[in-house]
Structure formats: C-alpha cells, structure tokens
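Letter by letter, the chains look like this.
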Amino acid sequence: MFLKFILSLSFLLLSSCDDDPASSSEDLMQKLYVCDEGSDRVIILDASSDNLSQIKTIDINFADNDEFEVPHYIAIDQSSGYWFVTAKGTGFVGMFDLNTDSLINTFNLGPDSKPAFIGVDKNNKTLYVSRGAVTGGDDHLYVLNYSSGLLQDAGLLDFTSVVPYFNQVHALSIDFPTIRGTSLIAASYSQDLFALTSLENDMVTPSIYPFETEQEGAESARIKPLTVTQKDNFIFFSCHGNNLNNIPGHIQSWSLTTANQLDTLQLSFSSKPWHITPSPNSNEIFTVLKGTQGMLQEGDVYAEAGLSCLSYDENGNLTEKWRNTSSDFNMLHGIAISSDGSRAYVSSMGNGSVLVFDTSSGDLLNTIDGIGMYNQDSEQSGKTLSGLAITQ
C-alpha cells in the first residue's frame, strides 16, 4: 500500500511539472528579434544559449509591392503579447503576435514618414514613433493606439507648439514607473533640445529643455543626441558629437526629477555612440560604438567600434566599467540585454553578424556570422542588421 502511495505521488508530481506552462521549453526560451534591412526580414533567434540558433524568419512585405521595406527597429509589449516593427523604407508599422509571430495588422504612416524608433506606453497600449535621424525634419511623433487589438491612428505629438524649431525628432524613450509616472523623452537631432512629457494625463504637454554645452552661439551645439534611455529616474543620452565644433562622442546623464544635467562621460571623436540601453537588474547602461570608417585605417575598418559599459551612482555620476573595441567589429548598431542581465547582443550593419558579450567582463563570447543578408540588386546592398529586441 505504501509503495502504491509513493508511485501515485510521483505520478502526480511528474504530471504537475508537465502541465506547468512555465516549465515548457517554449516559455523558457528567450527570443531575440533582429531587423535585417538588407533583405527585408526579421530574424528570430533562440537566446537560451550563446549559439543563437535560428527559430524562424519573417519576410516584411507590408506595402505589397517591390519597394524596399527596410525593417529598422523592434519593440515588444510582452504583457499584451505583441511585437512591433518599423519599415523605414515604406512608412509602415507592423504588429505581430508574440507567441506565434504571425502578422496581425499594419499601419501606413505615409511614404515620407521614414519611421525609426518605437516607444511603447504599455499602460495605455499606445505607440510613439519617431523618424530616422538624418532623413528629414519631422517635428513630431506619430501616435498609434493598439488597445483594440489593431493599430489605430491616435494623432501626433507635436513639439513645435512649445518650441517652433524643435525638429528632426529621433531619440525616443518611454519608461514606467518613474517619478513622473509614465515618462516620455524625445530629442531633436539637429537643435540640441529634448522634450520631457508625462503620459499620465489626457492632455499631454511637453516641456522642452536645452542640452548644456561649453560652446556659445548659434552653431555651438550640434552634439547630435542620437538615442536615449531611462533607468532609476535618470535619463541617459548617447551623443554623436561634432568634430567641427570640437565636441567628441559622449554620454550624458540627467535627472528625471529636476531635468538638470548631472554628468558627461566623454568618449572620442571616432567612437560615434549609437544605440543605448540599461541593464535590467543593475545600475549600468550599455552603449554601442559604431566607430568611424577609415579614421585610423583605410578600407572597411571601423576605428573604435565596440561596446561600452557605464555604471552610475545615486547622483547620476558616470564611470566607464569596461570597453571592448576591435578592428574586427564592423559598423555596430543595435543592442539588447538578456533578462538576467548577463548577456549583451549587438548587431552589425556592416557584415550581418550578431555579437554576444558577457556584460560583467565585456568579453566577446561568440560571433554569429551570416545572419543578415545583402540584397546585391538593391540600394540596400550596403546595409544589413539594425535594431534588436529580446523577450523578458
């Protein structure tokens, strides 16, 4: 009788483990989504190991014609079960089911919209979409609501009502919860201004702030803030800098509470800081260094391309923890961090590879080549991997 009880108990335990959704390999798998601009695809990789085996590819053909879609950036709303991608070439935003990776809906922002970054307000199920940094002078963000399960036009967030020359809006970040509730940060690539907006109220009114520089005059700034992220009530900007005005590439930290600049960590004129993202579980941020082609060497070598890890203290002061650069890195672009914070995944627009870094040491753990493909018959033949996103 005792033996039968033990066998029955064992069977129940095994059955309960099998029935537990959290124990299935599908639920444990971290999916890494990668934009391939060179072949109009999104590649989905298994990030449960450093080998990043391919799960599937998604062809992006929103316009349903021969135009080049140029998928550029991916954002995930895991709580709602969606992921979104911008198609910079055709002006579309696509909405996908996170479990099946099947297309749900698309929305056309217009052929001149050049959509780039997406900020996700998960509470209000709203997307804010910015334009490519060097492709025009949009002074607003496109707003789409997906609470109905489809993408619907929700107007524009226009910054010219506050500052008429706030244009080329590109850098974009949404964070929650913060001292301001759900906070949206956007920056002008050309005017050295950024907007701080609380999304808690029905009436969204941006506050505009100037970046602080040591230069004076109309042409003083041009620090070119490319990307922005938020963490622990701090704002972090990655800035290209300006060689003509003797401003190197750098990272700035600001207080979300007071909107005051706290610290600047200078990099170099050839580093070209690109995408930036925080660690999910430590006071660190990571910035991709695109590097500068031919700055120190001829050919396709990108000087000072790599990845930098910066820590910040309770006052927002920045310290570089490590930096890994190599002449083997080619036009690095996007970044995503694993849910446990141990891995950084970086895309190469230059050769179509994904690099895996150890976030504690900066060591390069693996390089997976051949993920991105060039379309040699298109104008996009010189471009491949760009934005990355990972499930948490």
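Our structure is the block above this text.
Summary of the structure given here. (Residues numbered from 1 in each chain as written. Predicted model: local features only at pLDDT ≥ 70, side-chain atom pairs only at ≥ 80, totals over all residues. Heavy atoms only, no water.)

## Comments concerning the sheet that holds strand β29 (residues 364–368)
For clarity, the threshold we go by: DSSP bridges decide pairing: two strands pair if at least two such bridges lie between them. Where helices and strands are cited, they refer to DSSP runs of H or I of at least four residues and of E of at least two residues respectively, numbered from the N terminus. For helices, the fitted axis covers only the stretch in contact; all axes are lines through C-alpha atoms, and the angles between them, taken along N-to-C directions, range from 0 to 180 degrees.
A sheet is described by the order of its strands in space; here 4 strands give the open sequence β26-β27-β28-β29, paired in antiparallel fashion. The open sheet has two free edges, formed respectively by β26 (332–337) and β29, since each of these has just one partner strand. The average angle at which neighbouring strand axes cross in this sheet is 20°, direction not considered. Two elements, β26 and strand β27 (residues 343–348), share 4 bridges in a ladder whose sense is antiparallel. Paired with Leu-332 across the two strands is Ser-348, which belongs to β27.

## Some details on the sheet that holds strand β17 (residues 234–239)
As summarised here, the arrangement of the 4 strands in space is β16-β17-β18-β19, forming an open sheet in which the pairing is antiparallel. Each end of this open sheet is capped by a strand with a single partner; those strands are β16 (225–231) and β19 (261–266). On average, each strand axis in the sheet is inclined to that of its neighbour by 20°, with strand direction left out of account. Inspection of the sheet shows β16 paired to β17 by 6 bridges, in the antiparallel sense. The partner of Thr-227 across the bridge, within β17, is Ser-238.

## Some points on the side chain of Asn-105
Counted only if it meets this: Between N or O atoms, a polar contact is any pair within 3.5 Å; within protein, one atom must be a potential hydrogen donor and the other a potential acceptor, and residues adjacent in sequence are included only when both atoms are from side chains. Contact between two residues is taken to exist if any of their heavy atoms lie within 4.5 Å; hydrogens are not considered.
Among the structural elements, Asn-105 can be located in strand β7 (residues 103–108). Within the structure, Asn-105 has its side chain in polar contact with the backbone nitrogen of Leu-151 (distance 2.7 Å). Setting aside residues up to four positions removed in sequence, Asn-105 forms contacts with Val-93, Gly-94, Met-95, Leu-150 and Leu-151.

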